[in-house]
Amino acid sequence: MQLSDAERQPCEVWTRVMGYHRPVASFNVGKQGEHRERQFFIEPGRAQPHG
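Procedures and definitions
Residues numbered from 1 in each chain as written. Predicted model: local features only at pLDDT ≥ 70, side-chain atom pairs only at ≥ 80, totals over all residues. Heavy atoms only, no water. Helix = DSSP H or I, 4+ residues; strand = E, 2+ residues; numbered from the N terminus. Buried < 20%, exposed > 50% of the residue type's maximum accessible area, 1.4 Å probe, protein only. Areas by Shrake-Rupley, 256 points an atom, 1.4 Å probe, with all protein chains shown as cover. Lys, Arg positive; Asp, Glu negative; His and termini not counted. Charge placed at Lys NZ, Arg CZ, Asp CG, Glu CD.

Caption draft 1: Inspection of the overall build of the protein chain at higher detail. Within the protein chain one finds one helix and two strands. N-terminal to C-terminal, the α/β element order of the protein chain is β-β-α. Along the first, second and third principal axes, the C-alpha set of the protein chain runs to 40 × 35 × 20 Å. Looking at the 51 residues of the protein chain, the share that counts as buried comes to 12%. Of the roughly 5,400 Å² of accessible surface on the protein chain, 52% is carried by carbon and sulfur atoms. Both charge centroids of the protein chain, one from 7 positive and one from 6 negative side chains, sit 8 Å from each other.

The structure is reproduced here in structure tokens:
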């Protein structure tokens, strides 16, 4: 099923910063850029997450 652009809603992304959670939208421009550049990895020997 695909939605048209008119049916879509923005998704608020949160991340953990210094032990607590904050919305990425509240970051300054530089921090938002750092967040976009993050690399994600799967630790060797761990199961793949189910999606």
